Amino acid sequence: MDNKWEMLEATNEDREKIWTKNRTFAGDVWFRFRRKPTSIAGFIIIVLLILFAAAGPLFTEYSYSNQNLQVVNIPPRMKVFQTPDKDGYLYITQGMQVLQVNTDGTLGSQLTKVREESNRMMTIFDCDGTEVALYYGQKPYVIANPQKNTIYPSTELWNKSYLLGTDNLGRDILTRLMYGTRVSLMVAFVAVIVNMIIGILYGGISGYLGGNVDAVMMRIVDIISTIPLTLYVILIMVIMGSGLQSIIIALGTVYWVDMARVVRGQVLGLKEQEFVQAAKTIGSSTKTILLTHLIPNAMGSILVTVTMLIPSAIFMEAFLGYLGIGLQPPLASLGTMCNDATENLRSCPHQLFIPALVICLIMFAFNFVGDGLRDALDPKLKK
Amino acid sequence: MLRYFMKRFGMMLVAMFLIILLTFTIMHAIPGGPFTSDKKVSEEVEQALNEKYHLDKSLPEQFFQYLGGILHGDFGPSYKYTGKEVSEFISTGFPVSAKLGLITIVFVLLAAIPMGILAAVKNGKWQDMLVMGAATIGVTIPSFVIASLLIYFFAFRLNWLPTYGIDTWKGYILPIIALGGYSLSYMARLMRSSLLEVMGQDYIRTARAKGLSEPKVVWKHAMRNALIPVITVLGPTVANLMTGSFVIEKIFAIPGLGVYFVNSVSQRDYTTIMGVTIFYAAFLMAMIFIVDMFYCLIDPRIKYD
């Protein structure tokens, strides 16, 4: 065709045809969702965290429970002293022991103690045949030459054996962080799915049946929502004992009230619409109408409520872990890691900051994604 | 209005009864008696113990006895500390917690409302970004993390404030910030969005059109309606602060009710857990009830059915 602007003969078929590409509902949501940079950032963070938690443990040589009391409370960045023969470094542990550190930053073995010279405030260690002294007459402690009374030159090194350091039982923090993230995410997801199922069924039945059933069911929800739920989660934990299962059950059975309300509101609006009437006319059962017509249509709001519930579940799990009624050791979650770290906050703040940072990242990410999803699923709500 | 009040009050009583029933049932569903332990106790001693704590009666009888006790402010004896009553824990711990909570609420209101107003008035400018950025951070960081960070920087590093105890006014600063951080951020956000919404309404345009100064429009016309949602969340905020104080009291070693609760949980002191839970629940429900009633009084647009 030479002239692109030439009139074509319009047929009836052409007039009816939709020329642009069809966009599905999901595509539409994705289109609106990705316009918000914060939502995309949150989404990417969540994917990375899931990868970190799921695949991370494959790449680490440590286990979350293996204790190594020789390397307790080692920070990610260590202050080290040069050995007398200058082919390595020495690190003073908090237990007043001396560790060998290789030049690349990996940890070696502990030095053997030779004798104690308390009048000179020194502990003498044997370093490859040479005697070195840990001088504790000044703070911070230093490694000195016991003969000449000189301090060996010091420098700072990144810890290559334990990238994020070790905790108070000598466990690798990075590995524990992977397992902790995994546990926290898993608890949150499972608890929220349980909540979702209970809430959908409860709200769906209440909204669809209406009348007295609705009145009674909603009155029950009203009463439950006045009960401070944190107390009940704690109470359930007390009876069932601490552990992964009990946390999931405690969180899963308590927070469905909001979900039930959301679903009920949606169902109330939807059930008057024509497609439901049509389904009724052709004789669909209540169950079919509820499960195949009403709930899929309410999925948007359900999804938003779910993404908003996940951070509160993670928050609650961390809260319980922090109170010491969460998981049984040695199992780690982000909350229990924070709890374990509070004892030596003064000397090893990194032990607290690292899991706390991950908690904050998760909370941020899910909040942003929830916000984005709400705007994307329901543009009417957008202010 | 009176009808609505009575209805809400009745609902609160029913909920309270259910809470007591639920707590009682849960606590008695735990297998083994409170004195089951590794040590073998002679039968007479066990019987005497059971009699002393009324465990020899049937469950419904025990329940009504317990219920009657609660109405007289008697939550029964502690299982772990012999000779101590649960109500003693409550009467020593609660005033401390309540004082901390009250100061925190005042602090939250005094800080959140101006922050929200500032953000709304300067909508889209850097002040708005700053306040909302801080508020987003405040909503997402758990209180125990805030508390630990505050302790690390202000107590360990800078040595300005004490790490624990509330003997001096300085001791209150960190717990209040840590405890109120979430509510503060949440309320500031709420204040902002509600003020923005009100500012978009017709009567505000009218007020501006008749030549009122901007401060007068904001303070006299917009604020009255914009404050209502903030007042509504006061009830849940009290609840939030109360449960949040478990952790904060533990971190800062404040001898409040939260510490008793947490300790009783870890020591499995069942009567104390039961008593403190019921007390907390009753207190929180009463607070929410009061706030709701107050809310009805100040907002004439609300219809009571």
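Considered domain by domain, chain A is made up of domain 1 (27-58 + 170-381) and domain 2 (77-158). Here domain 1 of chain A and domain 2 of chain A have C-alpha centroids that lie 50 Å from each other.

A separate point is a nonpolar patch on the surface. Residue and element names in this part refer to chain A. Judged by side-chain polarity, Ile50, Met186, Phe189, Val190, Ile193, Val194, Ile197, Leu201, Ile205, Leu209, Val213 and Leu291 come together as a nonpolar surface patch covering roughly 910 Å² of accessible area. If one sorts the elements of the nonpolar patch by residue count, helix α4 (residues 173-209) sits on top with nine residues. Locating Ile193 in the fold gives a position in helix α4. Relative accessible area serves as the criterion here: at 45%, Ile193 is assigned to the partly exposed category.

Contacts between the two partners involve 43 residues from chain B, matched on the other side by 36 residues from chain A. With both sides pooled, the region where chain B packs onto chain A buries about 3600 Å², and carbon together with sulfur makes up 81% of that total. Put simply, chain B and chain A have one residue pair in polar contact (both at pLDDT 80 or more) between them. Elements supplying a minimum of two residues to the side of chain B that touches chain A: α1 (2-28), α5 (126-140), α6 (143-157), α10 (234-251), α11 (257-267) and α12 (270-298) of chain B.

This part takes up the nonpolar core. Residues Ile234 and Ile302 of chain A together with Phe144, Leu195, Phe246 and Phe252 of chain B are the most contacted members of the largest nonpolar core, which totals 166 residues. Considering every element that reaches this core, the biggest residue donor is helix α10 (residues 286-323) of chain A, with 18 residues. Judged by nonpolar contacts, the second largest core, of 12 residues, contains Phe81, Ile92, Leu111 and Cys127 of chain A.

The next subject is the packing of aromatic side chains. For any two aromatic rings, the description comes down to two numbers: the centre-to-centre distance and the angle of the planes. A full pass over the atoms with the stated rule returns 23 aromatic pairs over all chains. Measuring from ring centre to ring centre gives 5.4 Å for Phe353 of chain A and Tyr152 of chain B, while their planes differ by 85 degrees; the resulting arrangement is edge-to-face. Pair noted here: Phe353 of chain A is in helix α12 (residues 350-377) and Tyr152 of chain B is in helix α6, and the two residues belong to different chains. With centroids separated by 4.9 Å and ring planes inclined at 35 degrees, the aromatic side chains of Phe246 of chain B and Phe261 of chain B adopt a geometry described as tilted.

All names here are of chain A. With burial as the criterion, each face of strand β2 (residues 89-92) is covered, one bearing Tyr89 and Tyr91 and the other bearing Leu90 and Ile92. With two bridges connecting them, strand β1 (residues 77-82) and β2 associate as antiparallel partners. The residue of β2 that forms the bridge with Gln82 is Tyr89. The antiparallel pairing of β1 with β2 creates a hairpin that spans six residues between the two strands, and Lys86 there sits at a positive phi of about 65 degrees. Here β2 runs beside strand β3 (residues 98-101); their pairing, made up of four bridges, is antiparallel. Along β3, the bridge assignment pairs Ile92 with Val98. The loop that links β2 with its antiparallel partner β3 comprises five residues; one of these, Met96, has a positive phi angle of about 60 degrees.

What counts, and where the lines are drawn
- Residues numbered from 1 in each chain as written.
- Chains lettered and ligands numbered in written order.
- Predicted model: local features only at pLDDT ≥ 70, side-chain atom pairs only at ≥ 80, totals over all residues.
- Heavy atoms only, no water.
- Domains from an automatic or database assignment.
- Patch = residues over 30% accessible without salt bridge, like charges linked within 9 Å, V, L, I, M, F, W, Y side chains within 5 Å.
- Areas by Shrake-Rupley, 256 points an atom, 1.4 Å probe, with all protein chains shown as cover.
- Salt bridge = Lys/Arg side-chain N within 4 Å of Asp/Glu carboxyl O.
- Helix = DSSP H or I, 4+ residues; strand = E, 2+ residues; numbered from the N terminus.
- Buried < 20%, exposed > 50% of the residue type's maximum accessible area, 1.4 Å probe, protein only.
- Contact = heavy atoms within 4.5 Å.
- Buried area = accessible area lost by both parts, 1.4 Å probe.
- Polar contact = N/O pair within 3.5 Å; in protein donor to acceptor, adjacent residues only side chain to side chain.
- Core = buried A, V, L, I, M, F, W, Y, C linked by side-chain atoms within 4.5 Å.
- Phe/Tyr/Trp six-rings, centres within 6.5 Å; stacked < 30°, edge-to-face > 60°.
- Pairing = 2+ DSSP bridges.

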